[in-house]
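Observations on the three-dimensional arrangement
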Amino acid sequence: MRLSNYFLPTLRDNPKDAQIVSHRYMLRAGMIQQASAGIYSWLPMGVRVLKKIEQIVREEQNNAGAQEILMPTIQSADLWKESGRYEDYGKELLRITDRHERDMLYGPTNEEQITEIFRSHVKSYRTLPLSLYHIQWKFRDEVRPRFGVMRGREFLMKDAYSFDLNYDDAIKSYNKMFIAYLKTYARMGLKVIPMAADSGPIGGDMSHEFIILADTGESEVFYQKNWFEVNKLDENVDIEGDLQPLVNSYLSCYAATDEKHDLDNCSLAAEDLVATRGIEVGHIFYFGTKYSDALRARVAGKDGNESSVHMGSYGVGVSRLVGAIIEANHDEKGIVWPESVTPFRVGLVNIKIDDRECLEASENFYTKLQLAGVDVLYDDRDERTGAKLANMDLIGLPWQIIVGPRGLKAGVVEIKNRRTGVLEECSIDQVMTKFRD
């Protein structure tokens, strides 16, 4: 993509109403624009990151055996009345009346909708286990939306739902999602701790939040000091095998959100306990037959007798992850994207647009990088060198190729690693070798 043709409305100064780093940099880097309180338009740069994250989530859900569907954003209130949550959910639920005076709602979650789909089609244990997921926009009418996409009213979420015949099978499904989540976040370059958590309005008696540590986190969290030393994820773990020992090893290390942490009964000595703040990027629940009982989702077992299916719910905040990744990957100059989710891998900068040799070399690099399948953003604008380089640092692409007349005379260009800040000179032939996959 040529920056002269790309819609990237960057800002020089920090917006006054942006309180945390991710909100400031997302606005300054031209990724989002506020439409109303807690609701954002996603601009081209933001959409590219959003889609990268979404695809990683999708791939790991597919690898865990979940099947993708797509449910509507607007749901019938009748299902929520049937489950008992229509009145219980509170003011965060946006209630709507259509032109026929039917009660509708903008879905904050999909337990009722997915259970209705299941009960309409599945009657026998032979279809189980079954896991279904979708990636869809949600709405919760937060009383005080803040922190940009970290706590907005409209957000993109992956929510999956498992259906099993009994408790033992349901725990196997829960464990698969537990490990799938760890693999998902590892691919995004995030260090995540699964923590015992409160189930909230979803319900159930087993729940874990997946937390990344950040000073700007919304809640206080507690964990064992050597947690990351003890727990090392094996990326080649067999997701279809017996995962209980692996899950047990994670859960044997103390980690809890503030709702679950009990200082008086904590098993750790004070010097072994870390208290800090964290950002929730995922939440999983086992809630047994809560919804299947209420909505009569029953299947016949091997003996022919019917029973309510056991269910779990598994959420990943896809749009929230954009902000969370920035909170974990930034410096005073801007964003520092991990390569797996970066909007472009390389930023190509021609620092002297009116120099014929610079123009020819830059155009040559641009063509070759594209042919090699490298996502490249080419700054071909007639702007000051300092402004161009500052802009590249702000948007945070992992690599910068800087083409200037002085270097070309010596047969080299500069390559900058955005994360380390290290600049190295490479011959023109070496550049393509470095970035060819």
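The shown structure was predicted, so the numbers you read here are calculated from the model rather than taken from an experiment.

What counts, and where the lines are drawn
Residues numbered from 1 in each chain as written. Predicted model: local features only at pLDDT ≥ 70, side-chain atom pairs only at ≥ 80, totals over all residues. Heavy atoms only, no water. Pairing = 2+ DSSP bridges. Helix = DSSP H or I, 4+ residues; strand = E, 2+ residues; numbered from the N terminus. Axes fitted to C-alpha atoms, helices over the stretch in contact; angles between N-to-C directions. Contact = heavy atoms within 4.5 Å. Core = buried A, V, L, I, M, F, W, Y, C linked by side-chain atoms within 4.5 Å. Buried < 20%, exposed > 50% of the residue type's maximum accessible area, 1.4 Å probe, protein only. Arc of directions from axis to C-beta. Left-handed = near helix turned anticlockwise from the far one by under 90°. Nonpolar A, V, L, I, M, F, W, Y, C, P; charged D, E, K, R; others polar. Disulfide = S-S within 2.5 Å. Phe/Tyr/Trp six-rings, centres within 6.5 Å; stacked < 30°, edge-to-face > 60°.

Digging into the sheet that holds strand β19 (residues 346–350)
Taken together, five strands build an open sheet; the order of strands is β20-β19-β21-β22-β23 and the sheet is mixed. The two strands at the open ends of the sheet, each matched to only one other strand, are β20 (376–379) and β23 (423–427). Each neighbouring strand pair of the sheet contributes to a mean axis angle of 25 degrees, computed without reference to strand direction. Relative to strand β22 (residues 412–417), strand β21 (residues 399–403) runs antiparallel, the two sharing four bridges. Residue I402 lies in a different strand from β22, and its bridge partner there is E414. Those strands touched by helix α14 (residues 428–435) are β19, β21, β22 and β23, and its axis lies near 110 degrees from that of β23.

Details of the nonpolar core
Within the largest apolar cluster, 79 residues are counted, with the highest numbers of intra-cluster contacts made by M31, I53 and V322. Considering every element that reaches this core, the biggest residue donor is helix α6 (residues 167–187), with nine residues. Here M31 is in contact with M26, S41, W42, L43, M45, G46, V49, V322, I326, I335 and W337, once residues within four sequence places are set aside. Residues L348, Y366, I401 and V431 belong to the second largest nonpolar core, which totals 20 residues.

A few points about α14
Turning to α14, its buried residues number three or more, namely V431, M432 and F435. Buried residues along α14 cover an arc of 90 degrees about the axis, so they all sit on one side. Exposed residues pointing more than 90 degrees away from the buried face of α14 are listed as D429 and T433. Elements that come into contact with the buried residues of α14 comprise β19, α11 (356–371), β21, β22 and β23.

Let's talk about the sheet that holds strand β6 (residues 103–106)
Ordered in space as β4-β6-β5, the three strands form an open sheet in which the pairing is antiparallel. A single partner strand is all that each edge strand has here, and the edge strands are β4 (74–76) and β5 (94–97). Put simply, the sheet's adjacent strands are angled 40 degrees from each other on average, direction ignored. Two elements, β5 and β6, share four bridges in a ladder whose sense is antiparallel. Residue pairing for β6: I96 is matched across the bridge by M104.

Overview of the packing of helix α2 (residues 44–63) against α6
Viewed as axis vectors pointing N to C, α2 and α6 meet at an angle of 150 degrees, and their least axial separation amounts to 9 Å. As α2 packs across α6, the resulting crossing turns out to be right-handed. In this structure, α2 contributes I56, V57, E59, E60 and Q61 to the contact, and α6 contributes M177, A180, Y181, K183, T184 and R187. Within the contact of α2 with α6, the residues separate by chemical class into five nonpolar, two polar and four charged.

Re the state of the cysteines
Using the criterion set out here, one finds zero disulfides in the structure. The thiol sulfur of C426 is not disulfide-bonded, and the nearest other cysteine sulfur, from C358, lies at 17 Å.

Quick word on the environment of S124
Along the polypeptide, S124 turns up in the loop between α5 (111–121) and β7 (130–139). Accessibility expressed as a relative area gives 24% for S124, which makes it partly exposed. As for S124 and E142, which are separated by 18 residues in sequence, their C-alpha atoms are 40 Å apart.

Details of the packing of aromatic side chains
Per the counting criterion, the structure on display carries 17 aromatic pairs. Both rings, one in Y167 and one in Y286, keep their centres 5.5 Å apart while their planes meet at 75 degrees; by these two values the pair is edge-to-face. Highlighted residues: Y167 in helix α6 and Y286 in strand β13 (residues 273–288), separated in sequence by 119 residues. Considering the side-chain rings of W227 and Y250, the 5.9 Å spacing of their centres and the 40 degrees angle between planes classify their relative orientation as tilted. Here W227, found in helix α7 (residues 227–230), pairs with Y250, found in helix α8 (residues 244–251); they are 23 residues apart in sequence, far enough to count as distant.

As for the environment of E280
Looking at where E280 falls in the secondary structure, it is placed in strand β13. A relative accessible area of 23% means that E280 is categorised as partly exposed. Considered as a pair, E280 and A214 are 66 residues apart in the sequence and their alpha carbons are 10 Å apart. Those residues in contact with E280, other than ones at most four positions away along the chain, are E209, F210, I211, E218 and R320.

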